[in-house]
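Reading the structure
Here is how the chains run, residue by residue.
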Amino acid sequence: MDTMIDIKALTHRYGARVAIDRLDLTVPSGGIFALLGPNGSGKTTLFRILSTLIPPTAGTVRMLGLDLASDRAAIRRGIGVVFQAPGLDKQLTAIENLVHHGHLYGLRGEPTRRKAIELLDRFGLAGRQRERVGTFSGGMRRKVELAKALLTDPELLILDEPSTGLDPAARAELWTRLTDARAAGATIVLTTHLMDEAERCDRLAILHHGQRIALGTPAELRAELPLEILTLTTDQPDHWADRLRSQWGLDAVHIDRTLRIEIPPGGVPASELVAAMANQVESITLGRPTLEDVFIRLTGRRFDGGDQSADSATS
């Protein structure tokens, strides 16, 4: 199967509000695919549709070669889902949560218990398997959720903001397990608002107001902006914004005490700007475009929802 998910003209409304707007998207089999977007972009609604929680208002979705509208039960047997909010039974132990989840998929006996123990061990819960989940921290519950989703060896693993509640060590362990699942042949689709998480994925779609505005590998998307990005922090942002415009013809995006300047190919050398500002500003950073820069260029808005034009310096 070359295509794991095929979405055509997908639309979903909550009353008068359009959460997903005629979305077309194809996710190939294998690899880790990110749905990247800020709050309100439609990624959580898309997750709910792909996880079979809600039917779309219009459009078609095919997953695992099956039609979501008519083959919902068969699709559920082939996917693993990790919700942003924990779905564990707090009165059961960690091992009991996994074993009972396996029962829903027809898994029985000692092999299922052994696999559950192995997964919990991998997530650093050795010695805690027979404790009630209600006594666990949020991060520990997240680990149990992830182990539960992997218990059935799903062809397609769908995760909503999987790093929620995890400390750095647990996040690293999560990505080790996701990489293992990918190597074993699973296709992984996750929603995220974290740029560093999206950078670790094989491919991603950037969503904005329920529409797909970009699609590709992280490197491909960043390469679409052949720029250098100069970021400076100063107590005189208005002064430097005016000087950048009058002396070098550069507009700066003004966010609090920080100025962000795009330097196009063939433009003023970055070294000239750095030399002019040396010892006069608090900090200067020069780098290549990030995925957030791609989002800003495509939407005119910062990823956190701010309007770029409202923050741009004016003369």
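Residues numbered from 1 in each chain as written. Predicted model: local features only at pLDDT ≥ 70, side-chain atom pairs only at ≥ 80, totals over all residues. Heavy atoms only, no water.

Further remarks concern the side chain of Asp21. Among the secondary structure elements, Asp21 is positioned in strand β2 (residues 17-28). In this structure, Asp21 is in contact with Leu10, Thr11, His209, Gly210 and Gln211, ignoring residues within four places of it in sequence. (Helix = DSSP H or I, 4+ residues; strand = E, 2+ residues; numbered from the N terminus. Contact = heavy atoms within 4.5 Å.)

The next thing to look at is the sheet that holds β2. Two orientations exist for strands paired in a sheet by backbone hydrogen bonds: parallel and antiparallel. Within the open sheet, the 4 strands sit side by side as β2-β1-β4-β5. Their pairing is antiparallel. In this open sheet, the two strands that pair with only one neighbour each are β2 and β5 (66-67). Note: strand β1 (residues 3-14) against β2, 8 bridges, orientation antiparallel. In the sheet register, Leu10 faces β2, and the bridge partner there is Leu23. (Pairing = 2+ DSSP bridges.)

Not every positive phi belongs to a glycine, and Ala9 is a case in point at roughly 50 degrees. What makes Ala9 partly exposed here is its relative accessible area of 40%. You will see that Leu64, though not glycine, has its phi angle at about 55 degrees, which is positive. Of note, Leu64 is situated in the loop between β4 (58-63) and β5. (Buried < 20%, exposed > 50% of the residue type's maximum accessible area, 1.4 Å probe, protein only.)

For the rest of this paragraph, the subject is the side chain of Ser163. Position of Ser163 relative to the elements: it lies in the loop between β7 (156-160) and α6 (168-183). Separated by 3.4 Å, the side chains of Ser163 and Arg171 make a polar contact. Beyond its immediate stretch of four places on either side in the chain, Ser163 contacts Arg171, Leu174, Trp175, Leu194 and Glu197. (Polar contact = N/O pair within 3.5 Å; in protein donor to acceptor, adjacent residues only side chain to side chain.)

Turning our eyes to something else, we now look at the packing of helix α4 (residues 109-122) against helix α5 (residues 138-150). Where α4 contacts α5, the axes come no closer than 9 Å and their chain directions differ by 140 degrees. Relative to α5, the element α4 lies oblique. Note on packing geometry: the crossing formed by α4 with α5 is right-handed. In this structure, α4 contributes Lys115, Leu119 and Leu120 to the contact, and α5 contributes Val144, Ala147 and Leu150. Here the residues of the contact of α4 with α5 are counted per class, giving 5 nonpolar, no polar and 1 charged. (Axes fitted to C-alpha atoms, helices over the stretch in contact; angles between N-to-C directions. Parallel < 35°, antiparallel > 145°, perpendicular 65-115°, else oblique. Left-handed = near helix turned anticlockwise from the far one by under 90°. Nonpolar A, V, L, I, M, F, W, Y, C, P; charged D, E, K, R; others polar.)

Turning to the pairing of β7, a few remarks are in order. Looking along a regular strand, one sees the side chains alternate between the two faces of the sheet. Along β7, 5 of the 5 residues are buried, which leaves the element largely enclosed by surrounding structure. Burial along β7 is two-sided: Leu156, Ile158 and Asp160 and Leu157 and Leu159, pointing in opposite directions, are all buried. Across 4 bridges, the pairing between strand β6 (residues 79-82) and β7 is parallel. Directly across from Val82, in β7, lies its bridge partner Leu159. Here β7 runs beside strand β8 (residues 187-192); their pairing, made up of 5 bridges, is parallel. Its bridge partner lying in β8, Leu157 is registered against Ile188. Taken together, β7, α6 and β8 form a β-α-β motif whose crossover is right-handed. (Right-handed = clockwise from strand over helix to strand, strands pointing away.)

Okay, the packing of aromatic side chains next. Under the criterion given, the structure shown has 1 aromatic pair. Summarising the aromatic geometry, the rings of Phe47 and Phe83 are spaced 5.7 Å apart at their centres and angled 90 degrees between planes, so their arrangement reads as edge-to-face. Remark: Phe83 occurs in the loop between β6 and α3 (94-104) and Phe47 occurs in helix α1 (residues 43-50); sequence separation between them is 36 residues. Residue classification places Phe83 among the partly exposed positions, given a relative accessible area of 29%. (Phe/Tyr/Trp six-rings, centres within 6.5 Å; stacked < 30°, edge-to-face > 60°.)

Now for the nonpolar core. If you look at the biggest cluster of nonpolar residues, it comprises 48 residues, and the most contacted ones within it are Leu36, Leu120, Val144, Leu159, Leu178, Leu190 and Ile206. The greatest single-element share of this core, amounting to 6 residues, is contributed by α5. Beyond its immediate sequence surroundings of up to four residues, Leu159 is in contact with Phe47, Val82, Leu146, Leu178, Ile188, Val189, Leu190 and Thr191. The next biggest cluster of nonpolar side chains, apart from the first, holds 27 residues, and it includes Leu10, Val27, Leu35 and Ile49. (Core = buried A, V, L, I, M, F, W, Y, C linked by side-chain atoms within 4.5 Å.)

This part covers the environment of Gly138. Inspection of the secondary structure puts Gly138 in helix α5. A relative accessible area of 48% places Gly138 in the partly exposed class.

With that settled, consider helix α10 (residues 270-277). Structural remark: α-helix, 3.6 residues per turn; residues separated by three or four positions point the same way. Among the residues making up α10, those that are buried are Ala270, Leu273, Ala276 and Met277. Looking down the long axis of α10, one finds its buried residues gathered within 130 degrees of arc, a one-sided arrangement. For α10, the exposed residues lying more than 90 degrees away from the buried face are Ser271 and Ala275. Buried positions along α10 lie against β11 (228-233), α9 (237-248), β13 (258-263) and β14 (283-287). Of the residues one or two after α10, Asn279 is the one with positive phi, at around 65 degrees. (Arc of directions from axis to C-beta.)

Next up on the list: the pattern of salt bridges. Charged atoms that come close allow side chains of opposite charge to pair. With the rule as written, the count across this model stands at 19 salt bridges. Its salt-bridge partner being Arg177, residue Asp180 comes within 2.4 Å of it at the nearest N-O pair. Pair noted here: Asp180 and Arg177 are both in helix α6, with a separation of 3 residues, about one helical turn. The salt bridge partner of Arg257 is Glu282, with a shortest N-O separation of 2.1 Å. Of the two residues, Arg257 is situated in the loop between β12 (252-255) and β13 and Glu282 in the loop between α10 and β14; the sequence distance between them amounts to 25 residues. Accessibility expressed as a relative area gives 35% for Arg257, which makes it partly exposed. Sharing partners across several salt bridges, the network here consists of Arg260, Glu262, Asp293 and Arg297. (Salt bridge = Lys/Arg side-chain N within 4 Å of Asp/Glu carboxyl O.)

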